[in-house]
Amino acid sequence: MTTLSERGDLSRAARSFLRTESGSAVLLLAAAVIALLWANLSSSYEAFWHTPLSISLDGFGLTEDLRHWVNDGLMVLFFFSVGLEISREMTIGELRGARAVAAPTLAAIGGLTVPAALYLLFNAGGPAAGAWGIAISTDTAVLLGVLALVGPRCPDQLRIFLLALSIVDDIGAVLAIAVFYTKHVDLVALLLAVVLFAALVGLRFVNFWRTPIYALIGVIMWFAVLRSGVHPSVVGVALGLLVNAYAPQPRDIARVQVLARSLVIDPTPTRALAAQAAVTEAVSPNERLQLRLQPWSSYVIVPLFVLANAGIVFDSQTIAAALRSPITWGVVAGLVVGKPIGVSAGTWLALKTGIGRVPDTLRWGQLIGGAALSGIGFTVALFITELALDDPALQNQAKIGIVTGSVLAALSGWMIFRVLGERGGQCSPSGLPVLPPRPWRPPA
C-alpha cells in the first residue's frame, strides 16, 4: 500500500504546517537581527532578560528571570507543538508505514551522529566536550524558509522529506536534552510527574477529552518536572504525543450533514449545539490544537525565544576568542560538514538496503542539496547551548558557531541547487515540454 508521499500527494495538514513554518522563518531571522543589534548597541540587553519575574499563590510560587520564563515556560508550548506534529504524522500523515518512515529516520540518525562525532573531534577532553548536542539539531522553520528561497522550484516531495527528517531530528534532540543535559534529579518530583503522565494516558484510554482537565494536569506536571531537574521541554513533547490524531471518518461527515440539514429546517439552539458538536468530533483533537497553537508557536514563541537568546556581542575580543575556539569550529564543522554527510549517508543506506524509499520524483541532487540545508541549526541549537554551557564566554563562542554554520549551510545548499539546477532537471519543473530555440514568434 502506497503512502501519500509515495503517490506524490501531500496531506492538507502537511501543507498547512509547511506554510506556517516557512512563513515564520522571516520573523525568526528578524528576531535574530534585532537581538544582535540590541546586544551590540546597548548594554540593556542582558539586564532586561535577567529581570526577575515571580508568580506566587498563598506563599507557594516560582521566581525566574525573563529568559528562563521564555526558555523553560513558553518553549514548552513549542515542544508541545512538536509532539502534536510527531503524533499526527506517524498516525495519519507522511510518517505512517515502515518504508515511508525508514528513509527520513535513517537520514536523521546519520544527521544526529556524524555532527556530534565531528564536534567531539575538536573538543574531546576539553571543558565543552559535553556540548556536542549543539551541533546535532536542524531548525525546521528556517530550513523550510531558506528552501523556499534557494530552491523555489524544488518539488513538494523534497519539502515533505525534509519535514519528516526534521521531526525525527527533533525526537533525537529532545531525548538528548532529557538524558544528557539533566544535571540533578529530584526523584520525588519526577515520580509525581510520572504519575500525572500515567493519569493522562488513562484519560486517553477511556477516551476522555476535556481541554481544561488536560491543561490543569499539564501545568502541574510541568512544575513537577521543573522541580525534578529534568528540562520541562520533555513535558511538552509527552503531552503532544498523547493527543489523539485520526482522519475524518465517512460516518462522522454523514452525521454532520444530517445535523446541518436538521439545523437548516429547524434552527433551534439545541440543534445548533448538536451540529457544532458533530463538526468538532469529525476533526481530531490533534488537528484542532495544531490549528490554534501552531501560529502562536511559529509567529510568537520561537521568535521571542530567539530574541532572548541570540544576542551575541561582536567585539574584537569575542571574535578573536571564537576564531581560536574549538567550540566554534566544532559547531561549524558539525553543521556544515557533518549534517550533509550524515543525512546523505543515512538516505543512501535506506535506499541501498531497500528498507526505505523516497518518492520517484526526487533525484540525488535534490536530496544532497536538502541534506546541506539540514545543517541550518538555530532554535534547538541555541536552546541546548543554554543547557550545556554555563560560562557566558563559551556560550558566545557556541552561538557564533551556530550563526556561522547556519549561514554556510544555507549557502552550500544554494550552491548545490545552483550547480545541479540544469543537470538532470534538479529542482526544475517536471513534465513540461522543452522550449524550442529562440525566436519565439510566428514566421512573417
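Residues numbered from 1 in each chain as written. Predicted model: local features only at pLDDT ≥ 70, side-chain atom pairs only at ≥ 80, totals over all residues. Heavy atoms only, no water.

**Student:** Explain the overall build of the protein chain to me, please; I cannot follow it from the model alone.
**Tutor:** Tallying secondary structure elements over the protein chain gives 18 helices and two strands in all. When each of the 444 residues of the protein chain is scored for burial, the buried share is 50%. The long-range share in the protein chain, meaning contacts at least 24 apart out of those at least 6 apart in sequence, stands at 80%. Just so you have it, the protein chain exposes about 21600 Å², and 69% of that area is on carbon and sulfur atoms. (Helix = DSSP H or I, 4+ residues; strand = E, 2+ residues; numbered from the N terminus. Buried < 20%, exposed > 50% of the residue type's maximum accessible area, 1.4 Å probe, protein only. Contact = heavy atoms within 4.5 Å. Areas by Shrake-Rupley, 256 points an atom, 1.4 Å probe, with all protein chains shown as cover.)

**Student:** Would you take a moment to explain the packing of aromatic side chains for this structure?
**Tutor:** How two aromatic rings sit relative to each other is given by the distance of their centres and the angle of their planes. Counting across every chain of the model gives 10 aromatic pairs. When the centroid spacing of 5.1 Å and the interplanar angle of 75° are considered together, the rings of tryptophan 132 and phenylalanine 180 count as edge-to-face. In this pair, tryptophan 132 sits in the loop between helix H5 (98-123) and helix H6 (140-150) while phenylalanine 180 sits in helix H7 (residues 156-180), placing the two residues 48 residues apart along the sequence. (Phe/Tyr/Trp six-rings, centres within 6.5 Å; stacked < 30°, edge-to-face > 60°.)

**Student:** In this structure, what is going on with a nonpolar patch on the surface? I would like to understand it.
**Tutor:** Among the surface-exposed residues, Leu121, Phe122, Phe314, Ile319, Leu323 and Trp329 lie close enough to one another that they form a single nonpolar patch of about 620 Å² accessible area. Those elements that place two or more of their residues in the nonpolar patch are H5 and helix H14 (316-324). Structurally, the position occupied by tryptophan 329 is in helix H15 (residues 326-353). (Patch = residues over 30% accessible without salt bridge, like charges linked within 9 Å, V, L, I, M, F, W, Y side chains within 5 Å. Salt bridge = Lys/Arg side-chain N within 4 Å of Asp/Glu carboxyl O.)

**Student:** Help me out: how do you make sense of the confidence of the model for the protein chain in this one?
**Tutor:** For any part of a model where pLDDT is low, the fine detail of the predicted coordinates should not be relied upon. Residues at a pLDDT of 70 or more form 85% of the protein chain, whose mean pLDDT is 79. The secondary-structure element of the protein chain with the lowest mean pLDDT is helix H1 (residues 4-7), recorded at 40, while H15 shows the highest, at 92. Of the regions scoring below 50 in pLDDT, residues 1-9 engages in 17 contacts with residues more than four places distant in sequence or in other chains. Within the model, pLDDT remains below 50 along residues 428-436, and this stretch shows four contacts once partners closer than five positions in the same chain are excluded. (pLDDT = per-residue confidence, 0-100.)

**Student:** Mind showing me how you'd approach the environment of threonine 113 here?
**Tutor:** Residue placement: threonine 113 occurs in helix H5. Looking at threonine 113, the relative accessible area reads 46%, which means it is partly exposed.

**Student:** Sorry if this is basic, but what is going on with the packing of helix H8 (residues 187-205) against helix H10 (residues 233-242) here?
**Tutor:** Helix packing geometry: the angle between the two helix axes and the distance between the axes. One can describe the packing of H8 onto H10 by two numbers: an axis separation of 10 Å at closest approach and a directional angle of 15°. Judged by the inter-axis angle, H8 sits roughly parallel to H10. Remark: the crossing between H8 and H10 carries right-handed chirality. For the pair formed by H8 and H10, the contact residues are Phe197, Leu200, Val201 and Arg204 on the first element and Ala238, Leu239, Leu241 and Leu242 on the second. For the contact of H8 with H10, the residue count by class is seven nonpolar, no polar and one charged. (Axes fitted to C-alpha atoms, helices over the stretch in contact; angles between N-to-C directions. Parallel < 35°, antiparallel > 145°, perpendicular 65-115°, else oblique. Left-handed = near helix turned anticlockwise from the far one by under 90°. Nonpolar A, V, L, I, M, F, W, Y, C, P; charged D, E, K, R; others polar.)

**Student:** Which parts of the structure should I look at to understand the pattern of salt bridges?
**Tutor:** A side chain with one charge may pair with a side chain of the opposite charge, provided their charged atoms come close. Considering all chains together, one arrives at three salt bridges under this definition. Of the charged contacts in the structure, one is a salt bridge between aspartate 169 and lysine 339, with a shortest N-O distance of 2.7 Å. Here aspartate 169 is found in helix H7, whereas its partner lysine 339 is found in helix H15, with 170 residues between them in sequence. Judged by its relative accessible area of 0%, aspartate 169 is buried. Residue classification places lysine 339 among the buried positions, given a relative accessible area of 0%.

**Student:** I would appreciate a short explanation of the environment of valine 331 in the present structure.
**Tutor:** Mapped onto the elements, valine 331 comes out in helix H15. Sequence spacing of valine 331 and leucine 118 is 213 residues, and the spatial spacing of their C-alpha atoms is 8.4 Å. Residues contacting valine 331, with those up to four places away along its chain left out, are Tyr119, Ile134, Ala135, Ala398, Gly401 and Ile402.

**Student:** Would you mind showing me how to read the nonpolar core here?
**Tutor:** Soluble globular proteins tend to pack their nonpolar side chains together in the buried interior. Counting 77 residues, the largest nonpolar core has Phe79, Tyr119, Ile134, Leu158, Phe161, Val306 and Leu373 as the members making the most contacts within it. Broken down by element, this core gets its largest block of residues, 12 residues, from H7. Each residue touching isoleucine 134, except ones within four places of it in the same chain, is listed here: Val331, Ala381, Ile384, Thr385, Leu389, Ala398 and Ile402. (Core = buried A, V, L, I, M, F, W, Y, C linked by side-chain atoms within 4.5 Å.)

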